[in-house]
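Chain by chain, the residues:
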Amino acid sequence: MVVYAAQGDPRKSMALLWRTEQADAERPGPKPALSVDLIVDAAIAIADAEGMAGLSMRAVGDRLGRTAMALYTYVPSKSELLDLMYDKALAELPASHDGADWRADVTRWAYDLWDFYLRHPWVLQVSQARPVLGPHEYVVLESLVRILRRTGLPPVVLRRLVSALYSCVREPARTAAESRSAEKVTGQTDDEWWYARSALLQEVSPDFAERFPTLTWMESEQAFRMEDETVPYLEQEAREAFEISLTVLLDGIEVAMKAE
């Protein structure tokens, strides 16, 4: 399920994201029973627990003990709410990584983002094709670019590295998050699913080793063996893919630095 952010009214959405309108607490008269932040926090809690499928203005209203209509005074629609949720969740990430070693700082940035995605897997459903353009989204980006600038590589190269690093974290995190939810959604554990199907490979493809010799070689070398049997296979594989991809990418950056 892909969700596209930034689909609401641009002016209203950007004003809410950047808080250019007068804050609720500063408005004259009685303090309102609700606020934008209360609504956004409730929506994030619902998405964390139930995913995007459970998110609606009505569900948020129910959680706050209000009707959905009461929310529209603060947030014009679900589209603007999604933008606010996405950007506010990103506020959990550190604003800076200013250690002595750029490589260590990029690594910390990446692991912080990995943990963030697994705390809020619904964020991975928000397409990157339409960025929210909120302040906290820019804080996370600024933090990474500030680190990479210390490599001395040209800005045009840094731009590509930013995309590569986000993808390095985001795609394996998506697989890990999907692995965690698979049993709940399908009603089958990882072991039940794998054993039911892998056991049939020999039956449906008795010549499997001849047809796929390289995969068979990898299996004989225990390349698919996971160290921790308590963690779902695909989640563990995704974590290892993230870690080795990050290492190789950082190695490549060091090579590029020496070539400058």
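Asker: I keep staring at empty space enclosed by the protein and nothing clicks. Help me out?
Answerer: A probe as big as a water molecule, rolled over the atoms, marks out the empty space that is left. Summed over all chains, the structure comprises 2 cavities of 30 Å³ or more. Of the voids in this model, the largest cavity is the one considered here, and its volume is about 50 Å³. Lining of the largest cavity is provided by Leu-93, Pro-94, His-97, Trp-109, Asp-112, Leu-113, Val-140 and Ser-143. Where the lining of the largest cavity is concerned, the elements lending two or more residues are helix H6 (102-119) and helix H7 (135-149). When residues of the lining of the largest cavity are assigned to their parent elements, the largest contribution, 3 residues, is made by H6. For the lining of the largest cavity, the class distribution of residues is 5 nonpolar, 2 polar and 1 charged. One number sums up the size of the second largest cavity: a volume of about 30 Å³. Along its surface, the second largest cavity is lined by Tyr-86, Val-126, Ser-127, Gln-128, Arg-130, Pro-131, Val-132 and Glu-137.

Asker: Mind showing me how you'd approach a negative patch on the surface here?
Answerer: Taken together, the side chains of Glu-183, Asp-191, Glu-192, Asp-228 and Glu-229 present a region of like negative charge at the surface. Position of Asp-191 relative to the elements: it lies in helix H9 (residues 190-204).

Asker: Looking at this structure, I do not really get the packing of H7 against helix H8 (residues 155-186). What am I missing?
Answerer: For any two helices packed against each other, one specifies the inter-axial angle together with the distance between the axes. The contact between H7 and H8 brings their axes to 10 Å, and the two run at 125 degrees. The orientation of H7 with respect to H8, classified from their angle, is oblique. Along this stretch, H7 crosses H8, giving a crossing that reads as right-handed. Along its contact with H7, which presents Val-140, Leu-141, Leu-144, Val-145, Leu-148 and Arg-149, the element H8 presents Leu-158, Leu-161, Val-162, Leu-165 and Tyr-166. Of the residues assigned to the contact of H7 with H8, the class counts are 10 nonpolar, no polar and 1 charged.

Asker: Could you clarify how one ought to interpret the side chain of Arg-103 in this entry?
Answerer: Among the structural elements, Arg-103 can be located in helix H6. Polar side-chain contacts of Arg-103 include one of 3.5 Å to the backbone oxygen of Thr-247. Setting aside its immediate chain neighbours within four residues, Arg-103 contacts Thr-247, Leu-250, Asp-251 and Glu-254.

Asker: Where do I start with the layout of surface pockets in this structure?
Answerer: Its volume calculated, the largest pocket comes out at about 970 Å³. If you go around the largest pocket, you meet 26 residues; those closest to its centre are Trp-194, Ser-198, Glu-219, Phe-224 and Tyr-233. When residues of the lining of the largest pocket are traced back to their parent elements, those giving at least two are H9, helix H10 (208-211) and helix H11 (213-220). Looking at which element gives the most residues to the lining of the largest pocket, the answer is H9, with 9 residues. Looking at the lining of the largest pocket residue by residue, the class counts come to 13 nonpolar, 6 polar and 7 charged. One number sums up the size of the second largest pocket: a volume of about 610 Å³. As for the second largest pocket, its lining consists of 25 residues, of which Gly-51, Pro-121, Gln-125, Ala-177 and Ser-181 are closest to the centre. Of all elements in the fold, only helix H2 (36-50) and H8 reach the threshold of two or more residues within the lining of the second largest pocket. Among the elements that make up the lining of the second largest pocket, the one with the highest residue count is H8 (8 residues).

Asker: Is there a simple way to think about the packing of aromatic side chains in this case?
Answerer: Here a ring pair, both rings aromatic, is described through the centre-centre distance and the interplanar angle of the planes. For the structure shown, the criterion picks out 8 aromatic pairs. Their ring planes at 70 degrees and their centres at 5.6 Å tell us that Trp-194 and Tyr-233 sit as a pair that is edge-to-face. Within this pair, whereas Trp-194 is found in helix H9, its partner Tyr-233 is found in helix H12 (residues 233-259), the two being separated by 39 residues in sequence. Given a relative accessible area of 22%, Tyr-233 falls into the partly exposed group.

Asker: Sorry, what's going on with the environment of Trp-194 here?
Answerer: On the basis of relative accessible area, Trp-194 is assigned to the partly exposed category, the value being 33%. Between the C-alpha atom of Trp-194 and that of Tyr-233, which follows or precedes it by 39 residues, the distance is 9.6 Å. Leave out the neighbours within four places in its chain, and Trp-194 touches Ala-199, Tyr-233 and Leu-234.

Thresholds applied
Residues numbered from 1 in each chain as written. Predicted model: local features only at pLDDT ≥ 70, side-chain atom pairs only at ≥ 80, totals over all residues. Heavy atoms only, no water. 1 Å grid on protein atoms, 1.4 Å probe; cavity = no way out; pocket = protein on both sides within 12 Å on 5 of 7 lines; lining within 4 Å. Points joined across faces, edges and corners; volume = space filled by probe spheres on them. Helix = DSSP H or I, 4+ residues; strand = E, 2+ residues; numbered from the N terminus. Nonpolar A, V, L, I, M, F, W, Y, C, P; charged D, E, K, R; others polar. Patch = residues over 30% accessible without salt bridge, like charges linked within 9 Å, V, L, I, M, F, W, Y side chains within 5 Å. Areas by Shrake-Rupley, 256 points an atom, 1.4 Å probe, with all protein chains shown as cover. Salt bridge = Lys/Arg side-chain N within 4 Å of Asp/Glu carboxyl O. Lys, Arg positive; Asp, Glu negative; His and termini not counted. Charge placed at Lys NZ, Arg CZ, Asp CG, Glu CD. Axes fitted to C-alpha atoms, helices over the stretch in contact; angles between N-to-C directions. Parallel < 35°, antiparallel > 145°, perpendicular 65-115°, else oblique. Left-handed = near helix turned anticlockwise from the far one by under 90°. Contact = heavy atoms within 4.5 Å. Polar contact = N/O pair within 3.5 Å; in protein donor to acceptor, adjacent residues only side chain to side chain. Phe/Tyr/Trp six-rings, centres within 6.5 Å; stacked < 30°, edge-to-face > 60°. Buried < 20%, exposed > 50% of the residue type's maximum accessible area, 1.4 Å probe, protein only.

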